[in-house]
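Chain by chain, the residues:
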Amino acid sequence: MIGLALAMVRARPGQALTAFLLAVFAMAAAVSAPVYSTTADRAVVHSQVAAATTSERVVQARRTSPTPTDHDFENLLPQLFNGSGFASVFSTEYDILIPPPAPQANSIAPRFVYRDGVCAHLRITAGRCFVSETEVVLSTAQVQELGLHIGDVFEAAWATIDPLGGDFVERGKRASLTLVGSYDPRNKAEQYWSDLDYFNPRPSARFTTEPAFAGRLTLEALEHGPEKQALDVVIDDSAITRESLDGISAQVQDGKSKLEALPGHAVVSTGLPALLKRIDGDRSLVAEVVPVAAVPLVLLCWFVLFIAVASATQERRRELGLFSLRGLTVPRRWWLAAGESIVPILAGAVAGFFLGHYVVRLAAWALLSTSSDVPIKAGLNWWAAVALAGALLAALLAQRAELAKRTVDLLRNVPSRISRWGAPVFEVVVVVLAVVSVVQLRRGGGGLTGFALVAPSAVVIAVALVAARLVLPVAERVGRRAARRGRIGPMLAAYALSRRPGTQRILALFVVAIGLLVFASTAASASADARDHRARVQLGAPRVLTVDPLSRAALLSKVRAVDPHGQFAMATAMLPVTEDATPPVLAVDSQALAATALWDDSRLSAQKAAELLHPPLGRDTIEVDNKELSLDVSIDNLVDAFRVHWVAVVVPKDGSDVGRVDLGQVSTGRKTYVRNLPMCVNGCRLAALEMEQPEARGFDADVVLHSLSQHGKAIVDEAGFAQADGWRVPDTPGPKLLVPTLTAQQDGLRAEISNYKGADTVMRVMPTDVPAPLPLIAARTAGFGDHIAGLDGTLQPIGLAGEVETVPRLGYGGGLVDLDYAERLATDGGDALYPQIFLGPKAPADVVDQLRKQGLTISLDRPLGPVRDALDEQGPAIALRFHELAGVLGVILAIGALWLVSSLDRQRRAGEMRSLRAQGIARRDAAASGYLALVGAAVVLAPFAALASWLLVREYLPVFSDDAQGFQAAYWPSPLPVAVAWGAAAVLLAVAALVAGARLRAAATLKR
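1. A look at the overall build of the protein
Piece 1. Along its length, the protein carries 27 helices and 34 strands.
Piece 2. Within the protein, counting contacts between residues at least 6 apart in sequence, those at least 24 apart form 79% of the total.
Piece 3. When the accessible surface of the protein is summed, it comes to about 44,300 Å², and 57% of that surface belongs to carbon and sulfur atoms.

Following this line, the structure appears as structure tokens:
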């Protein structure tokens, strides 16, 4: 029997080749899913590691040694993190005091630091780096400050801060050190320096902003107390791979446990668990989303194989009838019928298994940022087994209808009619399964798992089957109308579409193939739009620079010094978040908002938003310099006011520390309080005038502010103080905090607090040089109240000036205020929280150099492109590329099915068409096939099938692997990619239909 089956294969090579190719396609499609998942898995790990923050690839350990001679921490290091891809840096330090060797010099108290490999990260400006014991390198500024020269010997001693005076004092014996070199750091922002803040630019009791570096033996040689020790382990990109994930996690956890067990209470921190969790989530999404496209592709392969075998079996009806007539048993008849298909299917499955691997490798090379060879064994799983079993089952089912017929029916040369109930029952079952899968998806809450996995394709297939059935009556009516009008060609084409067996299945196949491609393009386009929108919103500008901490005033002034007119650079800072979960607020220099921010709201333009954030007031800030400030005040009443002083709060424009200048102890009656302002050499703004009592005890007071003068001229005269709307008091958050009541009178401004008993008081008067309440632009879904925390942490009333869909950097849950106005409301002159600089498209190429010349340290430079690319490499985006690939393969399969049908029609209808020609029918009319009409109907119906599936499953298709923060795929994606995919499929199938029709016309030629 096997030999006979092989002989039948040799006798009909065309049919065997068709079954072989379809089996190849089915197995390749089935294998492609796990192979692509494995390849995408590696790409996901690579992309997530590349996009990880520095803290997520670093393990940091910090401790204070219990004794000066304790070496347990560094002795443990060789046992930890010694694998490939781990780079460990150990450091230890304590404070020293270097007295001035020359009378005109000043002493400094630098951090005395040993750090592994430090010389490679220093630029030696004179001399050399340290080599042996007692050799030290100091910064260039320190050498100049001390008046030293290379080779000089100087003394130093361990030092600590005096808790009373706040200065560094010697605690150990002095030792002699040799200066062998001076340095400047190569890059203060590089990862090597970690978060240890070695180069803090703020003035301090150290009188220096850089450490002194020496060897480990040099630090041990000085008498000193406990050391501050640190370990920074940087995990290289190449160390975190798909295969090493579990090993790295275990190694880091083991190292963390051993470090924490040491004396000295070591604190170990790392963001690696968050990275590993995100990688696992991304890998899970790839594993979920890829089969969504693979399942319908395999089903299409089975369906086409079913059509091919069924059509071939119909052509062999007479042969099968002779088998029956000659008394072959049913099992033998089944084997002879099925063997001719099973043999090429088995051969095709083997070839398709290997082909699938190499096709995916090629696709991964073209579609993924990184790819690698996947071992052949990756496809040896249940996917391949199911694909092969399904192909064999499809072949057997395709022959069932013919083998079950009577012998007389098989010997008749009349095509079998479609079952009156079998096809409708099948269609009902498919529709029910589609409904069940969608219900499970939308109500199950588990995403694309279980039966919900087939929901997108099931909806397309169900709509295709229903639409194909509805087209048949329409084609029947078109045929009748064409017959009445004598149009033979259209009549034959319409009847071929409505009456020939299998036409409905072919139409459904075309609708499914085009529909799946359109669905994949829709999902990919909508997801790409969502990623683009998220990248634009969360970054906030085409390019964003993160700077090292500095005061808000300095940030604003330095950025404006580079771009005074707000054409390309904008300073930004975050407002502190209060405990009541108020949405986050970003303070921006609104004069540059329109030129720098990526603004996507169509209802409110960036220019209009800037105007709403910074409305003109007609009142400028009160500016003072370092000369004597005179405050003329009358105090009519004081109760429980012991040792109360007048204090002027001034904020330097250069960003240095805020000044709280004591103007003198208060007394009743009218008096002028005078004091100079030494911190205001470069100018200050007056932030507040307040009466301060030690221990912040409450008191009653009734005062009248008459004038404020400097240089003998009134800065604010009696008329200026008498404008009550020009002054304000702190906003009170509750009944226990009393603030003064302001009343305008002829000779000035009255500020009064009375009946303070049982309540705290804040006697502070501030100029109103900002709108009240502070204007706020909020995201529509943010949910702001009446107050927010100001830059100094105090409550500030806000007024909603406008609403937008998303706020730059904060998305759907934040707001914007003007940085200049918010800073005027603050009285602390503190550091900017998360300071950044938004750069617009007009920023010059050397903008970073210009900012650095202003004293800004750029720690991170993020353009929009890499941020967008990082989102493109997340798991859902990678998986959707497989959807598009599967859609293209589905269209190719549909073209193959059309070629198969046309070949069978060419054989089946050759005699029929010659008979029509003999009766005088034109060749064009006799060969009317309806292929083009079939394709046209599918092209029209397929977008509706894809649209139905998209609307039902849209919100359940993952777009991002991390917290999307409200970003999701839109209902209506960019139409161009979808139209291109739909048009390309339509053109390819139309060309295939025209070629198939031409082949059929060639068969209609009347031979003599």
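2. Thoughts on the sheet that holds strand E32 (residues 815-818)
Piece 1. Here 9 strands make up an open sheet; going across it, the order is E30-E31-E29-E32-E14-E13-E33-E12-E34 and the pairing mixed. In this open sheet, the two strands that pair with only one neighbour each are strand E30 (787-789) and strand E34 (858-863). Averaged over all adjacent pairs, the angle separating strand axes in this sheet is 35 degrees, with direction ignored.
Piece 2. Where strand E14 (residues 585-588) and E32 come together, 4 bridges link them in parallel fashion. Across the sheet, residue Ala-587 finds its bridge partner in E32, namely Val-817.
Piece 3. Contacts from helix H16 (residues 552-562) reach strand E12 (543-547), strand E13 (569-574) and strand E33 (833-839) within the one sheet, and its direction differs from that of E13 by about 170 degrees.

3. Quick word on the packing of aromatic side chains
Piece 1. According to the stated counting rule, one finds 14 aromatic pairs in the structure shown.
Piece 2. Consider the rings of Trp-193 and Tyr-198, whose centres lie 5.7 Å apart with planes at 80 degrees: the pair is edge-to-face.
Piece 3. Note that Arg-115 overlies the ring of Tyr-192, its terminal NZ or CZ placed 4.9 Å from the centroid.
Piece 4. Positioned above the aromatic ring of Phe-960 is the side chain of Arg-534, whose terminal nitrogen or guanidinium carbon lies 4.6 Å from the ring centre.

4. Topic: unusual backbone geometry
Piece 1. Pro-773 follows Ala-772 through a cis peptide bond whose omega is -5 degrees.
Piece 2. Take Pro-773: it is sitting in the loop between strand E28 (763-767) and strand E29 (774-779).
Piece 3. One non-glycine residue, Asn-755, lies in positive phi territory at about 55 degrees.
Piece 4. Along the chain, Asn-755 falls in the loop between strand E26 (748-753) and strand E27 (760-761).
Piece 5. Residue class for Asn-755 comes out exposed when judged on its relative accessible area of 66%.

5. Things to note about the confidence of the model for the protein
Piece 1. Mean pLDDT over the protein stands at 82; residues scoring 70 or higher make up 84%.
Piece 2. Between the elements of the protein, mean pLDDT differs from a low of 54, seen in helix H25 (residues 923-926), to a high of 96, seen in strand E9 (residues 212-214).

6. Notes on a nonpolar patch on the surface
Piece 1. Together, Trp-899, Val-987, Val-991 and Val-995 give the surface a local cluster of nonpolar side chains, amounting to about 360 Å² of exposed area.
Piece 2. Here the element with the most residues in the nonpolar patch is helix H27 (residues 975-1003); it accounts for 3 residues.
Piece 3. Position of Val-991 relative to the elements: it lies in helix H27.
Piece 4. Note on Val-991: relative accessible area 44%, which makes it partly exposed.

7. Here's the deal with the nonpolar core
Among soluble globular proteins, nonpolar side chains are generally buried collectively.
Piece 1. Ranked by size, the top nonpolar core spans 175 residues in total, and within it Phe-510, Leu-593, Val-817 and Ile-837 carry the most contacts.
Piece 2. Per-element tally for this core: the top contributor is helix H15 (residues 503-539), with 19 residues.
Piece 3. With residues near it in sequence (within four places) discarded, Val-817 still touches Leu-575, Val-585, Leu-586, Ala-587, Val-588, Leu-613, Leu-774, Pro-775, Leu-776, Ile-788 and Ala-822.
Piece 4. Grouped together as the second largest cluster of nonpolar side chains are 49 residues, Ile-98, Leu-177, Leu-179 and Leu-245 included.

8. A word on the packing of helix H13 (residues 455-484) against helix H26 (residues 931-953)
Piece 1. Between H13 and H26, the shortest axis-to-axis distance is 8 Å and the interhelical angle comes to 145 degrees. Handedness of the H13/H26 crossing: right-handed. Contact residues: H13 offers Ala-455, Pro-456, Val-459, Val-460, Val-463, Ala-467 and Val-471, while H26 offers Leu-941, Ala-945, Ala-946, Ala-948, Ser-949, Leu-952 and Val-953.
Piece 2. Here the contact of H13 with H26 is composed, by residue class, of 13 nonpolar, 1 polar and no charged.

9. Topic: helix H6 (residues 245-260)
Piece 1. In this model H6 runs 23 Å from its N-terminal to its C-terminal C-alpha over 16 residues, within 8% of the 22 Å that 1.5 Å per residue would give.
Piece 2. Among the residues making up H6, those that are buried are Leu-245, Ile-248, Val-252, Gly-255 and Leu-259. In an axial view of H6, the angular spread of the buried residues amounts to 105 degrees, which keeps them on one side of the axis.

10. Notes on the pattern of salt bridges
Piece 1. One pass over the full model with this rule turns up 34 salt bridges.
Piece 2. Its salt-bridge partner being Asp-232, residue Arg-115 comes within 2.9 Å of it at the nearest N-O pair. You can see Arg-115 sitting in strand E3 (residues 111-115) and its partner Asp-232 sitting in strand E10 (residues 228-235), a full 117 residues away along the chain. Neither residue differs from the other here; Arg-115 and Asp-232 are each classed as buried.
Piece 3. Taking the shortest distance from any N to any O, the salt bridge between Glu-718 and Arg-670 comes out at 3.7 Å.

11. Concerning the side chain of Asp-563
Piece 1. With respect to the helices, strands and loops of the structure, Asp-563 is situated in the loop between H16 and E13.
Piece 2. Here Asp-563 occupies a buried position and makes no salt bridge, while the nearest side chain of opposite charge, Arg-560, is found at 9.0 Å.
Piece 3. Of the polar contacts made by the side chain of Asp-563, one reaches the backbone nitrogen of Gln-567; its length is 2.7 Å.
Piece 4. Here Ala-569 takes part through its backbone nitrogen, which lies 2.9 Å from a polar atom of the side chain of Asp-563.
Piece 5. Apart from residues no more than four positions distant in its own chain, Asp-563 is found in contact with Phe-568, Ala-569 and Gln-591.

12. As for the state of the cysteines
A covalent bond between the sulfur atoms of two cysteines is what we call a disulfide.
Piece 1. Inspection of every chain in the model, using the stated rule, returns 2 disulfides.
Piece 2. Disulfide pairing places Cys-119 opposite Cys-129 at an S-S distance of 1.8 Å. In this structure the cystine formed by Cys-119 and Cys-129 twists about its S-S bond by roughly -70 degrees; its chirality is therefore left-handed. With Cys-119 in the loop between E3 and strand E4 (122-127) and Cys-129 in the loop between E4 and strand E5 (135-139), this pair connects stretches of sequence that are 10 residues apart.
Piece 3. Paired through a disulfide, Cys-680 and Cys-684 show a sulfur-sulfur distance of 2.1 Å. The chirality of the disulfide connecting Cys-680 with Cys-684 is left-handed, given an S-S dihedral of about -105 degrees. Take Cys-680 and Cys-684: they sit in the same class, and that class is buried.
Piece 4. Cysteine pairing for the protein (bonded cysteines numbered in sequence order): 1-2, 3-4.

13. Here's the deal with the packing of H15 against helix H22 (residues 864-872)
Piece 1. Where H15 meets H22, the axes come as close as 9 Å, and the angle between the chain directions of the two elements is 140 degrees. In this view, H15 runs oblique relative to H22, as classed from their interaxial angle. Of the two elements, H15 crosses H22, and the hand of that crossing is right-handed. Taking contact as the criterion, the partners of Ala-528, Arg-531, Asp-532, Arg-534, Ala-535, Arg-536 and Leu-539 in H15 are, on H22, Leu-864, Val-867, Arg-868, Leu-871 and Asp-872.
Piece 2. Taken together, the residues of the contact of H15 with H22 break down into 6 nonpolar, no polar and 6 charged.

14. Some words on H22
Piece 1. Looking only at H22, the buried set comprises Leu-864, Val-867, Arg-868, Leu-871 and Asp-872. One side of H22 carries all its buried residues, which in axial view fall inside an arc of 145 degrees.

15. Examining the environment of Glu-805
Piece 1. Within the secondary structure layout, Glu-805 lies in the loop between strand E31 (795-804) and E32.
Piece 2. Glu-805 sits in the partly exposed class, given a relative accessible area of 37%.
Piece 3. Separated by 23 residues in sequence, Glu-805 and Ala-782 have C-alpha atoms that sit 9.6 Å apart.
Piece 4. The contacts of Glu-805, once residues within four sequence positions are left out, are Asp-601, Ala-779, Arg-780, Gly-811 and Tyr-812.

Reading guide: rules and limits
- Residues take numbers from 1 onward in each chain, read along the sequence in its written order.
- Only residues with pLDDT of at least 70 get local features here, since the model is predicted, and only at 80 or more are side-chain atom pairs given and counted; chain-wide, interface and lining totals rely on the full set of residues.
- Calculation of side-chain values draws on the structure's entire complement of heavy atoms; hydrogens and water are dropped beforehand.
- What counts as a helix is a DSSP run of H or I of at least four residues, what counts as a strand is a run of E of at least two, and both are numbered from the N terminus.
- Any two residues whose heavy atoms approach within 4.5 Å at even a single point are treated as in contact.
- Note on areas: these come from Shrake-Rupley sampling with a 1.4 Å probe, and a residue is covered only by the protein chains present in the view.
- Any two strands with at least two DSSP bridges between them are considered paired.
- Every axis corresponds to a line fitted to the C-alpha atoms, with the helix fit spanning only the stretch in contact, and the corresponding angles, defined between N-to-C directions, vary from 0 to 180 degrees.
- Pairs were defined over the aromatic rings of Phe, Tyr and Trp, the Trp ring being its six-membered one, requiring ring centres within 6.5 Å. Orientation was assigned from the angle between planes: stacked under 30 degrees, edge-to-face over 60, tilted for the rest.
- For a Lys NZ or an Arg CZ to count as sitting over a ring, it must be within 6 Å of the ring centre and within 35 degrees of the ring normal.
- Exposure is judged per residue with a 1.4 Å probe applied to protein chains only, and the accessible area is read against the type maximum: over 50% gives exposed, under 20% gives buried, and values in between give partly exposed.
- pLDDT expresses how confident the predictor is about each individual residue, on a scale running from 0 to 100.
- Patch rule: a residue counts if its relative accessible area is over 30% and it has no salt bridge; like charges are joined within 9 Å, and nonpolar side chains (Val, Leu, Ile, Met, Phe, Trp, Tyr) within 5 Å.
- When a carboxyl oxygen of Asp or Glu lies within 4 Å of a side-chain nitrogen of Lys or Arg, that pair is called a salt bridge.
- Nonpolar cores are built from buried Ala, Val, Leu, Ile, Met, Phe, Trp, Tyr and Cys residues. Side-chain atoms within 4.5 Å join them into one set.
- Each crossing is labelled by how the near helix is turned from the far one, with a counterclockwise turn of less than a right angle marking it left-handed and a clockwise turn marking it right-handed.
- Put simply, Ala, Val, Leu, Ile, Met, Phe, Trp, Tyr, Cys and Pro go in the nonpolar bin, Asp, Glu, Lys and Arg in the charged bin, and everything else, Gly too, in the polar bin.
- To estimate how far a helix should reach, multiply one less than its number of residues by 1.5 Å.
- Note: the arc covers the axis-to-C-beta directions of the helix.
- Positive charges come from Lys and Arg, negative ones from Asp and Glu, while His and the chain ends are left out of the count.
- Under the rule applied, a polar contact is a pair of N or O atoms within 3.5 Å (in protein, one hydrogen donor and one hydrogen acceptor; residues adjacent in sequence only if both atoms are side-chain atoms).
- Here, a disulfide means two cysteine sulfur atoms that sit within 2.5 Å of each other.
- Any angle from 65 to 115 degrees is called roughly perpendicular, while one under 35 is roughly parallel, one over 145 is roughly antiparallel, and all others are oblique.

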